[in-house]
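Here is what each chain is made of, one letter per residue.
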Amino acid sequence: MDLIDSDARDRARTVPVVAGRLVLLLLAAAAAVLWAVGVTELQPLSEPAGPDAFGENNTYWARELRWGALLALVVTLIVLGRGGRWASLGALIAGGAWLATDIWLDRAGFTSGTTAFFIGAAVVALICGGAVIPIPARAATPAEPSNDHPGRPASPVPGPGVTFAAALVAAVAAGVVTATESPTDVETGLNLGSAAAGSLLALVAVAGAAATGRPRARAALVTAVLAGAVPWLVRLVQPMPSGGRWLGILAFTVLLVVAVVALAGARHDIASHAARYGGVAILAATLMPVTFMILTVAGTVTQAGAPWTALAGNPAIHDADSDIVLVAGAIPIGLLLALVTWGVRHDPDR
């Protein structure tokens, strides 16, 4: 009888794990396809034409979107690797190789947006995802016991801190790419591309949080549906930049951060700890705009995007404007949020 019960418990644990990995693999493939669309379809729309052409603020909006897709891919690979040191390193190396390919294709002016190219990108992403899954996350036991409660696993994944941080990076990036602007804000593909990239990153953030805390499937599914829908609603209902759209995107990002923290901890009744998550919301609503502004000013002063523009062989940004990569700011902001909110996902009373 005990043996039968043990087998049933093992199956109950295995099914959601397998389902979660399949979802992550699908998200990795979707990220690769979105990147491919960004390279072949959106990038040519954003490049200035003419022998004396130059860029201006937000000229390379397509770069923001496709690099957002690459960030989603890297985060997905890290979560698939369960936050393990070697798997995460492999994910970063794969991301670096993909970024190099991106720059090379951009410089070559590759615009062959064929079905074969899109399928090829998806297949490569699936291969990368499949490669990181079997990498051991730890050399020791798969789940170390909690110091506060010996005998209980501290987390269902070996590297919860890494997957938690990766999920928060994706959450912040979802807000950044959803807010992407261009010089005229009427370029073809801007709103649809921004909505698609924001939705993808939001789904990756929820998937990463769910993999960290293994919450109830219904809670994760409802959160994913809502988070994935908001970028589409924002960009289609309010296609032109406005103060209202910025406030809406900020509110969406704050709520997504709170959802990630809640799902990643999901070992207690979320409703009974509303005050704690309210504190996370206040912290995120304060920290994100302030930090993003500091990073934006620093990027403007240093023209941080100029080397990437030169490597891609694109016209330089005019001296009166700034060349920065806004989506890159999501990485330090997400890591900072992970650092200051890590303790909230643990329930000291459990």
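As a convention, each chain's residues are numbered from 1 in the sequence order in which they are written. Reporting in this predicted model follows two pLDDT cut-offs: at least 70 for local features of residues, and 80 or more for side-chain atom pairs to be given and counted; totals over whole chains, interfaces and linings ignore these cut-offs and use all residues. Excluding hydrogens and water, the side-chain figures rest on all heavy atoms present in the structure.

A. Spotlight on the overall build of the chain. Note on conventions: DSSP H or I runs of at least 4 residues are helices, E runs of at least 2 residues are strands, and numbering of each starts at the N terminus. Helix and strand counts for the chain stand at 11 helices and zero strands. Beginning at the N terminus, the succession of helices and strands in the chain can be written as α-α-α-α-α-α-α-α-α-α-α. Taking all 350 residues of the chain together, 47% fall into the buried category. Residues count as neighbours in contact if any of their non-hydrogen atoms are within 4.5 Å of one another. Considering only contacts in the chain between residues 6 or more positions apart, those separated by 24 or more positions represent 80%. Only protein chains enter the area calculation, which uses a 1.4 Å probe; residues under 20% of their type maximum are buried, those over 50% are exposed, and those in between are partly exposed.

B. Seen up close, helix α5 (residues 160–178). What a helix is expected to span follows from its residue count: subtract one and scale by 1.5 Å. In a regular helix each residue adds 1.5 Å, so 19 residues correspond to 27 Å; α5 covers 27 Å between its end C-alpha atoms and thus fits that length. Where burial is concerned, most of α5 is hidden: 17 out of the 19 residues are buried.

C. Region of interest: the nonpolar core. The biggest cluster of nonpolar side chains holds 86 residues, and the ones touching the most others in it are Trp35, Trp98, Leu256, Val257, Val260, Met288 and Leu337. With 15 residues, the single largest contributor to this core is helix α2 (residues 61–80). In contact with leucine 337, other than residues within four places in its own chain, are Leu168, Val172, Val257, Ala284, Leu287 and Met288. Only buried residues count toward a nonpolar core, which is a set of Ala, Val, Leu, Ile, Met, Phe, Trp, Tyr and Cys residues joined through side-chain atoms within 4.5 Å.

D. Spotlight on unusual backbone geometry. The backbone phi angle of arginine 82 is positive, close to 60°, even though this residue is not glycine. Looking at the secondary structure, you find arginine 82 in the loop between α2 and α3 (85–108). The class for arginine 82 is buried, based on a relative accessible area of 16%. Its identity as a non-glycine residue notwithstanding, aspartate 185 has a phi of 65°, on the positive side. Relative to the helices and strands, aspartate 185 is located in the loop between α5 and α6 (190–213).

E. Region of the structure containing the packing of α6 against helix α8 (residues 243–265). Following both chains from N to C, one finds α6 and α8 inclined at 20°, their axes separated by 7 Å at the closest point. In this view, α6 runs roughly parallel relative to α8, as classed from their interaxial angle. In the packing of α6 onto α8, the handedness of the crossing is right-handed. Seen from α6, the contacting residues are Asn191, Ala202, Ala205, Val206, Ala209, Thr212 and Gly213; seen from α8, they are Arg245, Phe252, Leu256, Val260, Leu263 and Ala264. Note that Gly is not counted as nonpolar here; it falls among the polar residues with everything else outside the nonpolar set of Ala, Val, Leu, Ile, Met, Phe, Trp, Tyr, Cys and Pro and the charged set of Asp, Glu, Lys and Arg. For the contact of α6 with α8, the class distribution of residues is nine nonpolar, three polar and one charged. All axes here are fitted lines through C-alpha atoms, helices being fitted over the stretch that makes contact, and every angle between N-to-C directions spans 0 to 180 degrees. Each angle gets one of four labels, with under 35 degrees taken as roughly parallel, over 145 as roughly antiparallel, 65 to 115 as roughly perpendicular, and the rest as oblique. Throughout, a crossing is termed right-handed when the near helix is turned clockwise from the far one, and left-handed when it is turned anticlockwise from it by less than a right angle.

F. Here's a closer look at a nonpolar patch on the surface. There is a patch of nonpolar side chains on the surface, built from Leu283, Leu336, Leu339 and Val340 and spanning about 330 Å² of accessible area. For the nonpolar patch, the element with the most residues is helix α11 (residues 330–341), which contributes three residues. Among the structural elements, leucine 336 can be located in helix α11. Owing to a relative accessible area of 32%, leucine 336 belongs among the partly exposed residues under this scheme. Patches were defined on residues exceeding 30% relative accessible area and lacking a salt bridge, with like-charge contacts within 9 Å and nonpolar side-chain contacts (Val, Leu, Ile, Met, Phe, Trp, Tyr) within 5 Å. Calculation of accessible area relied on Shrake-Rupley with a 1.4 Å probe; when residues are assessed, cover is drawn exclusively from the protein chains displayed. By definition, a salt bridge exists where a carboxyl oxygen of Asp or Glu is found within 4 Å of a side-chain nitrogen of Lys or Arg.

G. Local environment of the pattern of salt bridges. Taken as a whole and judged by the stated rule, the model has three salt bridges. The partner of arginine 63 in a salt bridge is aspartate 323, and the shortest N-O contact between them spans 2.9 Å. A residue pair is termed long-range when its members are at least 10 positions apart, and arginine 63 in helix α2 and aspartate 323 in the loop between α10 (306–311) and α11 qualify at 260 residues. Across this residue pair, the class does not change: arginine 63 and aspartate 323 are buried.

H. Focus on the packing of aromatic side chains. Ring pairs are drawn from Phe, Tyr and Trp, using the six-membered ring of Trp, whenever the two centres fall within 6.5 Å, and their geometry is named by plane angle: stacked under 30 degrees, edge-to-face over 60, tilted for the rest. All told, the structure shown has six aromatic pairs when counted by the stated rule. Pairing tryptophan 35 with tryptophan 98 gives two aromatic rings, centres 5.6 Å apart and planes at 85°, and the pair type is edge-to-face. Taken together, the positions of tryptophan 35 in helix α1 (residues 2–46) and tryptophan 98 in helix α3 put the pair 63 residues apart, joining distant regions of the chain. Tryptophan 98 shares its class with tryptophan 35; the two are buried. Centre to centre, the rings of phenylalanine 117 and phenylalanine 118 are 6.3 Å apart; their planes meet at 50°, and the pair counts as tilted. When its relative accessible area of 18% is taken as the criterion, phenylalanine 118 is described as buried. Here a set of aromatic residues connected by ring pairs shows up, and it is made of Trp35, Trp98, Phe110, Phe117 and Phe118. Just above the ring of tryptophan 67 sits the side chain of arginine 63; from NZ or CZ to the centre is 5.8 Å. By definition, being over a ring means that NZ of Lys or CZ of Arg is both within 6 Å of the ring centre and within 35 degrees of the ring normal.

I. Examining the side chain of serine 199 more closely. Here serine 199 is to be found in helix α6. Taking the relative accessible area as the measure of exposure, serine 199 reaches 8% and is therefore buried. For serine 199, the residues in contact, after removing those within four places along its chain, are Gly228, Pro231 and Trp232.

Honestly, that's just the spatial picture; any functional story needs more than this.
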